[in-house]
Every structure is written in structure tokens, then in C-alpha cells.
Number of protein chains: 2
Amino acid sequence: MSWLDEVNFNRDGLVAATAQDHHTGRILMQAWMNREALALTAKEQQAVYWSRSRGKLWRKGESSGHVQKLHELRLDCDGDSILLVVEQLGGIACHTGRESCFYRKLTEEGQWLTTDGVLKSPDAIYGAFSEQADKSGNSDNG
Amino acid sequence: MSWLDEVNFNRDGLVAATAQDHHTGRILMQAWMNREALALTAKEQQAVYWSRSRGKLWRKGESSGHVQKLHELRLDCDGDSILLVVEQLGGIACHTGRESCFYRKLTEEGQWLTTDGVLKSPDAIYGAFSEQADKSGNSDNG
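Since the structure is predicted, the reported quantities are computational estimates derived from the model, not experimental observations. (Residues numbered from 1 in each chain as written. Chains lettered and ligands numbered in written order. Predicted model: local features only at pLDDT ≥ 70, side-chain atom pairs only at ≥ 80, totals over all residues. Heavy atoms only, no water.)

A. Highlighting the overall build of chain A. Helix and strand counts for chain A stand at two helices and eight strands. Going from the N terminus to the C terminus, chain A shows its helices and strands as β-β-α-β-β-β-β-β-β-α. The contacts of chain A with a sequence gap of at least 6 include a subset with a gap of at least 24, amounting to 48%. A total of about 6,100 Å² of accessible surface is found on chain A, and carbon and sulfur atoms cover 46% of it. (Helix = DSSP H or I, 4+ residues; strand = E, 2+ residues; numbered from the N terminus. Contact = heavy atoms within 4.5 Å. Areas by Shrake-Rupley, 256 points an atom, 1.4 Å probe, with all protein chains shown as cover.)

B. Just the relation of the copies chain B and chain A, in detail. Laying chain B over chain A is done by rotating through 180° and shifting 0.0 Å along the axis; what remains is an RMSD of 0.0 Å. Taken together, the rotation angle and the small translation identify this as a two-fold axis. Ranked by how close their C-alpha atoms come to the rotation axis, the residues of chain B are headed by glycine 25 of chain B, at 2.9 Å. Interface overlap between copies is the fraction of interface residues in one copy that are interface residues in the other; for chain B against chain A it reaches 100%, indicating a shared surface. (Least-squares fit on C-alpha atoms with pLDDT ≥ 70 in both.)

C. Quick peek at the pattern of salt bridges. All names here are of chain A. If you walk through the whole model with that rule in mind, you get 20 salt bridges over all chains. A salt bridge links arginine 26 to glutamate 99; the nearest nitrogen and oxygen atoms lie 3.1 Å apart. With arginine 26 in the loop between strand 1 (15-21) and strand 2 (27-33) and glutamate 99 in the loop between strand 6 (81-88) and strand 7 (104-106), the pair connects residues that are 73 residues apart, well separated along the chain. Overall, arginine 26 belongs to the partly exposed group, its relative accessible area being 21%. In the salt-bridge network here, residues are joined through shared partners; they are Arg26, Glu99 and Asp116. (Salt bridge = Lys/Arg side-chain N within 4 Å of Asp/Glu carboxyl O. Buried < 20%, exposed > 50% of the residue type's maximum accessible area, 1.4 Å probe, protein only.)

D. Broad picture of the environment of threonine 41 of chain B. Residues and elements named next belong to chain B. Along the chain, threonine 41 turns up in helix 1 (residues 35-44). C-alpha separation for the pair threonine 41 and glutamine 68, spaced 27 residues apart in sequence, amounts to 9.8 Å. Non-local contacts of threonine 41, meaning those with residues more than four positions away in its chain, are made with Met33, Gln46, Ala47, Val48, Leu70, Leu73 and Leu84. Engagement of the side chain of threonine 41 in a polar contact is seen with the backbone nitrogen of valine 48, the distance being 3.0 Å. (Polar contact = N/O pair within 3.5 Å; in protein donor to acceptor, adjacent residues only side chain to side chain.)

E. Up close: the sheet that holds strand 7 (residues 104-106) of chain B. Read across the sheet, six strands follow the order 2(A)-1(A)-6(A)-5(A)-7(B)-8(B) without closing on themselves; strand pairing throughout is mixed. Bordering the open sheet on either side are strand 2 of chain A together with strand 8 (112-114) of chain B, each of which pairs with just one other strand. When the angles between neighbouring strand axes are averaged without regard to direction, this sheet yields 30°. The pairing of strand 5 (residues 68-75) of chain A with strand 7 of chain B spans two bridges and is classified as antiparallel. The residue bridging arginine 74 of chain A from the neighbouring strand is lysine 105 of chain B, located in strand 7 of chain B. (Pairing = 2+ DSSP bridges. Axes fitted to C-alpha atoms, helices over the stretch in contact; angles between N-to-C directions.)

F. Spotlight on helix 1 (residues 35-44) of chain A. Here helix 1 of chain A has its buried residues at Ala37, Leu38, Leu40, Thr41 and Ala42 of chain A. Glutamine 45 of chain A sits one or two residues past helix 1 of chain A and shows a positive phi near 60°.

G. Just the packing of aromatic side chains, in detail. By the definition in use, this model includes five aromatic pairs over all chains. Where tryptophan 3 of chain A meets tryptophan 112 of chain B, the ring centres are 5.7 Å apart and the plane angle is 75°; that geometry is what we call edge-to-face. On the criterion of chain membership, the pair formed by tryptophan 3 of chain A in the segment before strand 1 and tryptophan 112 of chain B in strand 8 is interchain, its members lying in two chains. The ring of tyrosine 103 of chain B is capped by arginine 98 of chain B, whose NZ or CZ atom sits 4.0 Å from the centre of that ring. (Phe/Tyr/Trp six-rings, centres within 6.5 Å; stacked < 30°, edge-to-face > 60°. Lys NZ or Arg CZ within 6 Å of the ring centre and 35° of its normal.)

H. Inspection of the interface of chain B and chain A at higher detail. Contact residues are listed per partner, giving 45 residues for chain B and 45 residues for chain A. Buried surface at the junction of chain B and chain A, summed over both partners, amounts to about 3,700 Å²; 52% is from carbon and sulfur atoms. Three residues stand out in chain B for area buried against chain A, namely Cys77, Phe102 and Trp112 of chain B, and they jointly supply 20% of the buried area on that side. Linking chain B with chain A are eight salt bridges, by the criterion used here. Glutamate 6 of chain B serves as the salt-bridge partner of arginine 104 of chain A, at 3.9 Å between the closest nitrogen and oxygen. Linking chain B to chain A there are 23 residue pairs in polar contact (both at pLDDT 80 or more). For the side of chain B that touches chain A, the secondary structure elements donating two or more residues are strand 1 (15-21), strand 2 (27-33), strand 5 (68-75), strand 6 (81-88) and strand 7 of chain B. Broken down by element, the residue count for the side of chain B that touches chain A peaks at four residues, all from strand 5 of chain B. (Buried area = accessible area lost by both parts, 1.4 Å probe.)

As C-alpha cells, then:
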């Protein structure tokens, strides 16, 4: 029995995957993996997600260079959530050019306040005229 | 416009919610919230999830006492993932009696290795003859 068989993929064949920075402990992003993406993540020792918007495998950093080198892969108690502890190359995980995708914080007044600055503009990361393939990677709400 | 309108709930009306320990930075668990659970979490300043298995609101700690006091609520770039930075009462988030639900780590040999010990037995937490309502809370793969 493979370790992959112990993972409970949902009806879409996906499992939630959260990336945490190995050095800072910060939560960088939350995306999705199918069985192949998870197998490749372990094999290549870098984060490979499933892009729901593009319907294909998404090697994190494939267009940005912001690869997530795998430090540790963890599974939760009911097997339907994966935690990746990673080294975030470039120090930027978010397509907006920020360290973390979780750059908004709820204030007491009930507003989402942006607490993180842009470290590098998306244009500089992806090229102003590029397809920004990686940029759309985590913006897949479908 | 409410801050809740900026959250992208999925077709089931849910958003992924990940809890991180405020003190240790450890990822404690990943569960789900509907709009009401998220609103209550902000209002009551403690984690309220939606239990998919039981089909009802689940105030974390309602039967275990392991309440998660809210320190910070964050939203990701595409609005479909919530991060809760919490104070974990009792130091136990998992229904197995461990600090974190992510207590298994993938070894180089391709096995899920349990790295965390049980801090308190589930029987001691929930009572041997209880309904263990909270216990089943994060075991909802449905």
C-alpha cells in the first residue's frame, strides 16, 4: 500500500495543501493537489499543485522562479489536508509579489486591512507582457 | 459591503480555514467554515467551524474544552482561504489528543510516520462513554 492511498482526496480528486515557511513559520499559501501533484511533490522535493483554474499541474515557481523546496510533508488526522514545510525561494509566495497570500487581516472595525507590502511587482516577477501563467495559479476559485 | 462578502465560499458554501498557534507558530488543524461560522468566529473571538460530517456549526472545544481563542483572522489573495491565528486552550487541537492534527510526516522511505505523542487520551478528553461530539468534528470527509 502506497502512502498516497492514505490520503483522502475529495470528490474532485483533490486535497487541500498548505505551505508554511520553514524559517519564519509563516503560512505562505493554501492551494490544492491531486494525486499526481502530491506524488510529484514528494518525488521532486518541491511543491507541485493542481491549478483548478487552468486544469493542469502547476509547478510552483515555474514562471516566477519562486520555487518552494520541500522540507517536510505532513498529513492530518483524517487524511484530507496536507502541510508542506518549505523553503520559499525568493521569499515571495504570492502572485501579488508579497511574502504570503494571507496579507489581509480583519480589523476590529470589520475591514480587511492589507498588512504586507509588495516586495516585487508582479510585472517584474512575470514580465509585463507575459502570460503570467503562474500568477493565475492560486487565483483559481473554480 | 460586509467583509464577509469579500470571502469566496465554494459551491458548498464553505471556505477552508487553517488554525495556527499564536505562540509556537505550529499549524494546528485545517477545517471548514460557512458564512455563519466565519461571522461567529469574528463575533465571539473564538474558532467556530462548520462540521461537514455532522452538518452543523461546531464551536471548537465545545465538548473538549479545547477552545481556540482568536488572535488574528486573515484572508488570502483570492479570498477562498482563511487563516486563524489562535491561542489553543489546553495545548491540544486534535481529537486524537495531540497538539496538532498534522502529526504524521512522510519519511524518505515513503511512510507516514507519527512524530507527535498523545498529550491526553481521547477518553480522558471526551469521557469514555460520551458522544464524543467534538471528537468527530474534524473527521468529516463527507
